[in-house]
Amino acid sequence: TSVIVWFRNDLRLADHAALAAAVKADAKIFPVYILEDTVAGGRKLGGASKWWLDKSLKSLRSAISQRGGKLICRKGDAEKVLHDLVSETGADAVFWGRRYTQPEMDRDADIKKALQDEGIEAESFNTCLLTEPWSYQTTSGGYYKVFTPYWRAVRSSFEAPDPVQAPETFAGIGINGDEIESWELHPSKPDWSKGFDDMWTPGEEGAQERLQSFLDGPVREYEEMRNRPDQDGTSGLSPHLHHGEISPATVWRAVMGRINRGLQEEESAWSFLSEIVWREFSYVLIYHNPKMGRENYDSKFNKMEWRSNKKDLELWQKGKTGYPIVDAGMRQLWATGWMHNRVRMIVASLLTKHLLLNWTEGEDWFWDTLVDADPASNAAGWQWTAGSGADASPYFRVFNPITQGQKFDQTGAYVRRWCPELKKLPNKHLHAPWEAGRHVLEKAGIELGKTYPRPIIEHRQGRQRALDAWETLKGK
Ligand code: FAD
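Looking at an unreviewed UniProt entry, one finds the protein chain named Deoxyribodipyrimidine photo-lyase and attributed to Henriciella barbarensis. UniProt lists a comment for the protein chain under the heading Catalytic activity (unreviewed entry), and it reads "cyclobutadipyrimidine (in DNA) = 2 pyrimidine residues (in DNA)." A UniProt comment under Sequence similarities (unreviewed entry) is attached to the protein chain, and it reads "Belongs to the DNA photolyase family."

What follows is the structure, encoded as structure tokens:
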């Protein structure tokens, strides 16, 4: 038998259920990647995601060619491409990993039906989650809308299955395909990706290395350090997990292995696993609320009177709000395609509260600029911060960007790294430069309004405007 394995957000060979099923069937495996016009959530790929995809596909291509095969790359409508490939390869079956967003799920169902109508076996598998969004139900029978009970349920019952076998050989040589290079996923004119190269190694090996170096150190102090953008306290696994270069079960098993071998800092490891499960929870939410990617989970927010202000949006995007922790985060995002979670919350709060701009404007920007841009986690993260989400932080909780900076970037290393023009300010004033006296500013070589902006809106004023908008919304 011959099987086409259609790769999507599972760009790896290890622990891949669709590949394992083909191995089990003792089939000749034709590995395929199809570049579709729209991806998860029916959107176009963002620029940073394209950068990642380019490298990740090349890494997969090379792993497959080392096993004697060829990653067949095609562009276009997946149903048509698969139809053509079935006849070109003579395959009896097509296997793939499931997706959980709309319109992709409907599309996959149509593809499955079309293949089956042609007498081809079509089967889908779980390749990118620990458990699928319908696996856990509350005692009353619905899905979990609150994270903590969901996490308790997973923690107490989930056991990662044994890893499944990767194929030793592949087919595909002789079948026509595009060169990945011809897709021009890598940015040109200008090529803004230098900072990305410095930080990331897309692909399966890069993912394994990330996991290893996290387990060798930061996992022990994760609980304490995960909120500190001035420390390397988190795993940096998010783009690898998003593109499926490592399975979450592999991560789970590796961490559980440490716990079972008597890791002293056991609670720290559990706290890390709970974040892995936040990713799962985002998928539970979006699966059960397919419109959540673009629309308020809590429909009360449909009546929120968001401002529309292009200039403020641009200052936020460019990291010129005058709040150092926010600007540092936005510049880190632009330079590396990633931002620390604590800072994501702070910048999202500033956009939706102080600036009173709709969370979808921020989500769009993140979608384009994050290497881990994910339809479920991004929408869930934005809606959580904006207050419109399931189990969200209430809208009236407005982060103070000054005290957040002082608390979580205690050393000031984060702001100094991304806003070098503030480097010489003493810690005391680093997160509120406008409060420093003229003499201090002069000594640090800062001219407010010129070398570094004044705050886009005064904190108390922004906070009050947000609270007023909330009161108006409540009364509607
Ligand atoms: P670690 O702390 O090492 O966590 C391990 C893994 O757990 C991460 O790789 C990630 O897969 C998962 N995870 C951690 N925190 C969360 C969370 N809050 N929600 C869901 N999964 C989580 N994450 C994305 O993967 N893609 C996004 O598009 C995305 N957008 C976000 C937008 C906003 C406004 C906010 C507040 C958060 C967003 N997150 C998103 C969640 C989180 O910020 C990142 O997953 C995390 O910063 C990635 O860094 P890490 O791999 O070092 O995380």
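To continue, consider the domain arrangement of the protein chain. Domain boundaries in the protein chain define domain 1 (2-128), domain 2 (129-162 + 206-288) and domain 3 (299-474). Of note, the centres of domain 1 and domain 2, computed from C-alpha atoms alone, are 26 Å apart. At the junction of the two partners, domain 1 supplies 13 residues and domain 2 supplies 15 residues. Looking at the side of domain 1 that touches domain 2 residue by residue, the class counts come to five nonpolar, five polar and three charged.

Turning our eyes to something else, we now look at the site of the ligand. The local shell around the ligand holds 27 residues, among which Thr234, Ser235, Ser238, Asn378 and Gly381 are the closest. Two domains each put at least three residues into the shell around the ligand: domain 2 (129-162 + 206-288) and domain 3 (299-474).

The next point concerns the UniProt feature "site: Electron transfer via tryptophanyl radical" (unreviewed entry) in the protein chain. The positions UniProt marks with the feature "site: Electron transfer via tryptophanyl radical" (unreviewed entry) are Trp306, Trp359 and Trp382. Counting through the fold element by element, tryptophan 306 comes out in the loop between α11 (266-288) and α12 (310-318). Residue classification places tryptophan 306 among the partly exposed positions, given that 16 C-beta atoms sit within 10 Å. Apart from the residues within four sequence positions on either side, tryptophan 306 is in contact with Leu356, Leu357 and Asn358. The exposure class of tryptophan 359 is buried, given the 24 C-beta atoms found within 10 Å. With residues up to four places along the chain from it excluded, the contact list for tryptophan 359 reads Thr352, Trp382, Gln383, Ala386 and Ser388.

An order of β3-β2-β1-β4-β5 is seen for the five strands of this open sheet, with the pairing classed as parallel. If you trace the sheet from one side to the other, it starts and ends with β3 (72-75) and β5 (121-125), each paired once. Recorded for the sheet is a direction-independent mean angle of 25° between the axes of neighbouring strands. In this structure, strand β2 (residues 28-35) lies alongside β3, joined through four bridges in parallel fashion. Paired with leucine 35 across the bridge in β3 is lysine 75.

This brings us to the packing of α11 against helix α16 (residues 375-386). Two packed helices can be described by the angle between their axes and the distance between those axes. Taken N-terminus to C-terminus, the directions of α11 and α16 make an angle of 90°; their axes are 8 Å apart at the nearest point. Accordingly, the angle class assigned to the pair α11 and α16 is roughly perpendicular. In this structure, α11 uses Arg279, Ser282, Tyr283, Leu285 and Ile286 to contact α16, whose residues at the interface are Pro375, Ala376, Ser377, Ala379 and Ala380. Residues that form the contact of α11 with α16 fall into these classes: seven nonpolar, two polar and one charged.

The rules behind the values
Residues numbered from 1 in each chain as written. Predicted model: local features only at pLDDT ≥ 70, side-chain atom pairs only at ≥ 80, totals over all residues. UniProt positions renumbered as here; feature names shortened; annotations may be inferred. Domains from an automatic or database assignment. Contact = placed C-beta atoms within 7 Å. Nonpolar A, V, L, I, M, F, W, Y, C, P; charged D, E, K, R; others polar. Near = placed C-beta within 6 Å. Helix = DSSP H or I, 4+ residues; strand = E, 2+ residues; numbered from the N terminus. Buried ≥ 20, exposed ≤ 12 C-beta atoms within 10 Å, placed from the backbone. Pairing = 2+ DSSP bridges. Axes fitted to C-alpha atoms, helices over the stretch in contact; angles between N-to-C directions. Parallel < 35°, antiparallel > 145°, perpendicular 65-115°, else oblique.

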